[in-house]
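Structural characterization, general
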Amino acid sequence: MELYLSGKYRALVVRVAGELDHHAAAGIKESVDREMARTGAVNIAFDLGAVTFMDSSGIGMIMGRSKITSALGGRVIVYGASDNIKRIISMSGLNRLVTVAESLEDGLKEAVCNV
Amino acid sequence: MYKNSMRLEFPASSDNERFARTVAAAFILELDPTVDQLSEIKTAVSEAVTNSIIHGYDNEYGSVTMEGSIFDDTVEFVISDDGAGISDIRRAREPLFTGKPEMERSGMGFTIMEAFMDSVEVESEVGKGTRVTMSKRISG
(Lines give C-alpha, C1' and ligand atoms only; values in the text may rest on other atoms or scores of the structure.)
Protein backbone atom coordinates (compact mmCIF):
# COMPACT_ATOMS: atom_id res chain seq x y z
CA MET A 1 0.00 0.00 0.00
CA GLU A 2 1.20 3.52 -0.85
CA LEU A 3 -0.12 6.75 0.62
CA TYR A 4 0.41 10.29 -0.58
CA LEU A 5 -1.22 13.65 -0.12
CA SER A 6 -2.78 15.64 -2.92
CA GLY A 7 -2.50 19.02 -1.21
CA LYS A 8 -4.61 20.94 -3.70
CA TYR A 9 -7.66 18.79 -2.96
CA ARG A 10 -6.77 18.00 0.68
CA ALA A 11 -7.06 14.37 -0.36
CA LEU A 12 -5.14 11.39 0.94
CA VAL A 13 -4.54 9.05 -2.00
CA VAL A 14 -4.33 5.39 -0.94
CA ARG A 15 -2.99 2.98 -3.52
CA VAL A 16 -4.03 -0.50 -2.44
CA ALA A 17 -2.41 -3.56 -4.03
CA GLY A 18 -3.18 -7.27 -3.83
CA GLU A 19 -6.06 -8.75 -1.88
CA LEU A 20 -8.35 -6.57 0.23
CA ASP A 21 -9.90 -8.87 2.82
CA HIS A 22 -10.49 -8.70 6.58
CA HIS A 23 -6.80 -9.38 7.24
CA ALA A 24 -5.56 -6.57 4.95
CA ALA A 25 -8.36 -4.13 5.86
CA ALA A 26 -7.18 -3.87 9.48
CA GLY A 27 -3.74 -2.57 8.46
CA ILE A 28 -5.08 -0.18 5.82
CA LYS A 29 -7.58 1.28 8.26
CA GLU A 30 -4.88 1.98 10.83
CA SER A 31 -2.49 3.66 8.36
CA VAL A 32 -5.20 5.74 6.68
CA ASP A 33 -6.65 7.00 9.97
CA ARG A 34 -3.19 7.92 11.22
CA GLU A 35 -2.31 9.82 8.02
CA MET A 36 -5.67 11.60 7.96
CA ALA A 37 -5.01 12.94 11.45
CA ARG A 38 -1.40 13.83 10.65
CA THR A 39 -1.95 15.57 7.30
CA GLY A 40 -5.28 17.28 7.92
CA ALA A 41 -6.73 15.81 4.71
CA VAL A 42 -10.54 15.80 4.46
CA ASN A 43 -10.94 13.56 1.38
CA ILE A 44 -9.68 10.03 0.81
CA ALA A 45 -9.14 8.55 -2.67
CA PHE A 46 -8.75 4.76 -2.82
CA ASP A 47 -6.94 3.56 -5.94
CA LEU A 48 -8.16 -0.03 -6.38
CA GLY A 49 -6.45 -0.52 -9.75
CA ALA A 50 -3.99 -3.08 -8.36
CA VAL A 51 -6.52 -4.89 -6.15
CA THR A 52 -6.96 -8.47 -7.35
CA PHE A 53 -9.55 -9.52 -4.77
CA MET A 54 -11.99 -7.72 -2.48
CA ASP A 55 -14.77 -9.01 -0.25
CA SER A 56 -17.24 -7.39 2.16
CA SER A 57 -14.42 -6.58 4.60
CA GLY A 58 -13.09 -4.09 2.03
CA ILE A 59 -16.58 -2.61 1.71
CA GLY A 60 -16.80 -2.24 5.50
CA MET A 61 -13.38 -0.57 5.69
CA ILE A 62 -14.30 1.96 2.96
CA MET A 63 -17.72 2.61 4.59
CA GLY A 64 -15.93 3.33 7.87
CA ARG A 65 -13.59 5.85 6.19
CA SER A 66 -16.60 7.47 4.51
CA LYS A 67 -18.05 8.22 7.96
CA ILE A 68 -14.79 9.95 8.88
CA THR A 69 -14.64 12.12 5.75
CA SER A 70 -18.33 13.01 6.04
CA ALA A 71 -17.71 14.32 9.56
CA LEU A 72 -14.91 16.48 8.11
CA GLY A 73 -17.10 17.75 5.25
CA GLY A 74 -15.12 15.65 2.77
CA ARG A 75 -15.72 12.61 0.63
CA VAL A 76 -14.31 9.19 -0.21
CA ILE A 77 -13.46 8.49 -3.84
CA VAL A 78 -12.93 4.97 -5.16
CA TYR A 79 -11.35 4.57 -8.58
CA GLY A 80 -9.79 1.99 -10.87
CA ALA A 81 -11.92 -0.90 -9.55
CA SER A 82 -12.28 -4.05 -11.67
CA ASP A 83 -15.75 -5.15 -12.84
CA ASN A 84 -15.95 -7.79 -10.11
CA ILE A 85 -15.15 -5.26 -7.42
CA LYS A 86 -17.61 -2.75 -8.91
CA ARG A 87 -20.26 -5.45 -8.66
CA ILE A 88 -19.92 -5.81 -4.88
CA ILE A 89 -19.63 -2.03 -4.52
CA SER A 90 -23.05 -1.56 -6.12
CA MET A 91 -24.53 -4.65 -4.40
CA SER A 92 -23.71 -3.13 -1.01
CA GLY A 93 -24.89 0.37 -1.91
CA LEU A 94 -21.39 1.74 -1.28
CA ASN A 95 -21.72 3.68 -4.56
CA ARG A 96 -24.35 5.85 -2.86
CA LEU A 97 -21.98 6.77 -0.01
CA VAL A 98 -18.79 7.36 -1.97
CA THR A 99 -17.83 8.65 -5.42
CA VAL A 100 -16.97 5.80 -7.78
CA ALA A 101 -14.88 6.98 -10.74
CA GLU A 102 -12.62 5.63 -13.46
CA SER A 103 -9.67 7.88 -12.58
CA LEU A 104 -8.43 10.05 -9.72
CA GLU A 105 -8.97 13.21 -11.77
CA ASP A 106 -12.59 12.31 -12.60
CA GLY A 107 -13.28 11.34 -8.99
CA LEU A 108 -11.79 14.51 -7.54
CA LYS A 109 -13.65 16.70 -10.02
CA GLU A 110 -16.95 15.04 -9.22
CA ALA A 111 -16.47 14.79 -5.45
CA VAL A 112 -14.93 18.15 -4.78
CA CYS A 113 -17.49 19.98 -6.94
CA ASN A 114 -20.29 18.21 -5.08
CA VAL A 115 -18.91 18.81 -1.58
CA MET B 1 -21.41 -39.10 -10.32
CA TYR B 2 -19.04 -38.49 -7.38
CA LYS B 3 -15.78 -36.99 -8.50
CA ASN B 4 -13.69 -35.49 -5.76
CA SER B 5 -13.63 -34.26 -2.19
CA MET B 6 -11.31 -32.43 0.22
CA ARG B 7 -11.17 -31.38 3.85
CA LEU B 8 -9.09 -28.59 5.35
CA GLU B 9 -8.88 -27.56 8.99
CA PHE B 10 -7.05 -24.44 10.08
CA PRO B 11 -6.78 -22.02 13.04
CA ALA B 12 -9.19 -19.08 13.04
CA SER B 13 -6.65 -16.39 12.23
CA SER B 14 -7.26 -13.73 9.62
CA ASP B 15 -4.20 -14.63 7.53
CA ASN B 16 -5.88 -18.00 6.84
CA GLU B 17 -8.73 -16.29 4.96
CA ARG B 18 -6.55 -16.01 1.89
CA PHE B 19 -5.24 -19.56 2.39
CA ALA B 20 -8.78 -21.00 2.48
CA ARG B 21 -10.06 -19.20 -0.63
CA THR B 22 -6.89 -20.05 -2.55
CA VAL B 23 -7.37 -23.75 -1.71
CA ALA B 24 -11.05 -23.49 -2.75
CA ALA B 25 -10.00 -21.97 -6.09
CA ALA B 26 -7.40 -24.68 -6.69
CA PHE B 27 -9.94 -27.40 -5.84
CA ILE B 28 -12.43 -26.27 -8.51
CA LEU B 29 -9.87 -25.78 -11.28
CA GLU B 30 -10.62 -29.25 -12.68
CA LEU B 31 -14.14 -27.99 -13.53
CA ASP B 32 -12.56 -25.37 -15.80
CA PRO B 33 -14.39 -22.37 -14.30
CA THR B 34 -14.44 -18.94 -15.94
CA VAL B 35 -12.47 -16.13 -14.31
CA ASP B 36 -15.76 -14.70 -12.99
CA GLN B 37 -16.89 -18.02 -11.50
CA LEU B 38 -13.51 -18.43 -9.83
CA SER B 39 -13.73 -14.95 -8.38
CA GLU B 40 -17.30 -15.53 -7.15
CA ILE B 41 -16.40 -18.76 -5.37
CA LYS B 42 -13.30 -17.24 -3.79
CA THR B 43 -15.37 -14.32 -2.53
CA ALA B 44 -18.18 -16.52 -1.12
CA VAL B 45 -15.67 -18.80 0.66
CA SER B 46 -13.82 -15.77 2.01
CA GLU B 47 -17.07 -14.37 3.43
CA ALA B 48 -17.97 -17.62 5.21
CA VAL B 49 -14.46 -18.11 6.64
CA THR B 50 -14.29 -14.47 7.77
CA ASN B 51 -17.66 -14.90 9.52
CA SER B 52 -16.32 -17.90 11.45
CA ILE B 53 -13.22 -15.97 12.51
CA ILE B 54 -14.94 -12.70 13.46
CA HIS B 55 -18.36 -13.80 14.64
CA GLY B 56 -17.81 -17.45 15.55
CA TYR B 57 -14.63 -16.96 17.52
CA ASP B 58 -14.55 -13.17 18.02
CA ASN B 59 -10.97 -13.12 16.71
CA GLU B 60 -9.94 -15.53 19.49
CA TYR B 61 -8.54 -19.06 19.25
CA GLY B 62 -10.61 -21.65 17.42
CA SER B 63 -10.66 -24.00 14.50
CA VAL B 64 -12.39 -23.59 11.11
CA THR B 65 -13.10 -26.48 8.76
CA MET B 66 -13.67 -26.25 5.02
CA GLU B 67 -14.93 -29.30 3.14
CA GLY B 68 -15.29 -29.34 -0.62
CA SER B 69 -17.07 -31.83 -2.87
CA ILE B 70 -17.45 -32.04 -6.61
CA PHE B 71 -20.46 -33.88 -8.08
CA ASP B 72 -20.42 -33.77 -11.87
CA ASP B 73 -20.28 -30.06 -12.70
CA THR B 74 -21.40 -28.83 -9.27
CA VAL B 75 -19.13 -27.84 -6.42
CA GLU B 76 -20.20 -27.69 -2.79
CA PHE B 77 -18.30 -26.09 0.08
CA VAL B 78 -19.13 -26.55 3.74
CA ILE B 79 -17.49 -24.07 6.12
CA SER B 80 -18.00 -24.83 9.79
CA ASP B 81 -16.83 -23.67 13.20
CA ASP B 82 -17.43 -24.58 16.86
CA GLY B 83 -17.85 -20.95 17.84
CA ALA B 84 -20.55 -18.69 19.26
CA GLY B 85 -23.30 -19.61 16.80
CA ILE B 86 -25.98 -17.28 15.39
CA SER B 87 -29.13 -16.65 17.45
CA ASP B 88 -31.23 -15.24 14.60
CA ILE B 89 -30.16 -16.64 11.23
CA ARG B 90 -32.88 -14.82 9.28
CA ARG B 91 -31.74 -11.46 10.62
CA ALA B 92 -28.06 -12.31 10.06
CA ARG B 93 -28.83 -12.97 6.40
CA GLU B 94 -30.50 -9.59 5.86
CA PRO B 95 -28.42 -7.21 3.72
CA LEU B 96 -26.49 -4.63 5.76
CA PHE B 97 -27.27 -6.31 9.11
CA THR B 98 -24.16 -6.77 11.23
CA GLY B 99 -23.73 -8.02 14.77
CA LYS B 100 -20.48 -6.09 14.95
CA PRO B 101 -21.05 -2.50 13.78
CA GLU B 102 -18.17 -1.30 15.99
CA MET B 103 -15.79 -3.36 13.84
CA GLU B 104 -16.88 -1.62 10.62
CA ARG B 105 -18.45 -4.74 9.19
CA SER B 106 -20.56 -4.03 6.13
CA GLY B 107 -23.22 -6.64 6.88
CA MET B 108 -22.96 -7.91 3.32
CA GLY B 109 -21.35 -11.30 3.90
CA PHE B 110 -24.42 -13.55 3.48
CA THR B 111 -25.84 -11.33 0.71
CA ILE B 112 -22.63 -11.76 -1.29
CA MET B 113 -22.61 -15.54 -0.67
CA GLU B 114 -26.22 -15.75 -1.90
CA ALA B 115 -25.50 -13.62 -4.96
CA PHE B 116 -22.40 -15.55 -5.99
CA MET B 117 -23.51 -19.13 -5.25
CA ASP B 118 -26.57 -21.07 -6.46
CA SER B 119 -27.59 -22.08 -2.95
CA VAL B 120 -26.54 -21.15 0.58
CA GLU B 121 -27.78 -23.02 3.65
CA VAL B 122 -26.98 -21.91 7.20
CA GLU B 123 -27.29 -24.12 10.27
CA SER B 124 -26.33 -22.73 13.65
CA GLU B 125 -26.77 -23.31 17.36
CA VAL B 126 -25.84 -20.73 19.97
CA GLY B 127 -22.77 -21.86 21.89
CA LYS B 128 -22.19 -24.79 19.54
CA GLY B 129 -21.19 -23.32 16.20
CA THR B 130 -22.21 -22.56 12.64
CA ARG B 131 -22.19 -24.55 9.42
CA VAL B 132 -22.61 -22.88 6.03
CA THR B 133 -23.22 -25.14 3.01
CA MET B 134 -23.06 -23.54 -0.40
CA SER B 135 -23.04 -24.91 -3.89
CA LYS B 136 -22.58 -23.70 -7.42
CA ARG B 137 -22.86 -25.31 -10.81
CA ILE B 138 -19.84 -24.59 -12.97
CA SER B 139 -20.91 -24.58 -16.59
CA GLY B 140 -18.14 -23.80 -19.02
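Heads up: these notes are all about the structure in this document. (Residues numbered from 1 in each chain as written. Chains lettered and ligands numbered in written order. Predicted model: local features only at pLDDT ≥ 70, side-chain atom pairs only at ≥ 80, totals over all residues. Heavy atoms only, no water.)

Our next topic: helix α1 (residues 16–28) of chain B. Between its first and last C-alpha atoms α1 of chain B spans 19 Å; for 13 residues at 1.5 Å apiece the expected length is 18 Å, and the two agree. Among the residues of α1 of chain B, Asn 16, Glu 17, Ala 20, Arg 21, Ala 24, Ala 25, Phe 27 and Ile 28 of chain B are the ones counted as buried. (Helix = DSSP H or I, 4+ residues; strand = E, 2+ residues; numbered from the N terminus. Expected span 1.5 Å × (residues − 1). Buried < 20%, exposed > 50% of the residue type's maximum accessible area, 1.4 Å probe, protein only.)

Here we take up the side chain of His 22 of chain A. Mapped onto the secondary structure, His 22 of chain A falls in helix α1 (residues 22–39). By relative accessible area, which is 12% here, His 22 of chain A ends up buried.

In this section: the interface of chain B and chain A. Tallying the contact residues gives 25 residues for chain B and 21 residues for chain A. Around 1,900 Å² of area is buried between chain B and chain A when both sides are counted, 50% of it from carbon and sulfur atoms. On the chain B side of the contact with chain A, Arg 21, Glu 104 and Ser 106 of chain B bury the most area, a combined 27% of that side's loss. Here Arg 21 of chain B makes a salt bridge to Asp 21 of chain A, at a shortest N to O gap of 3.0 Å. Here chain B and chain A share 15 residue pairs in polar contact (both at pLDDT 80 or more) between them. Of all the secondary structure elements, the ones that give two or more residues to the side of chain B that touches chain A are α1, α2 (35–56) and α4 (109–116) of chain B. The element contributing the most residues to the side of chain B that touches chain A is α2 of chain B, with 10 residues. Per-class residue counts for the side of chain B that touches chain A are seven nonpolar, eight polar and 10 charged. (Contact = heavy atoms within 4.5 Å. Buried area = accessible area lost by both parts, 1.4 Å probe. Salt bridge = Lys/Arg side-chain N within 4 Å of Asp/Glu carboxyl O. Polar contact = N/O pair within 3.5 Å; in protein donor to acceptor, adjacent residues only side chain to side chain. Nonpolar A, V, L, I, M, F, W, Y, C, P; charged D, E, K, R; others polar.)

Nothing here speaks to function; it is all geometry.
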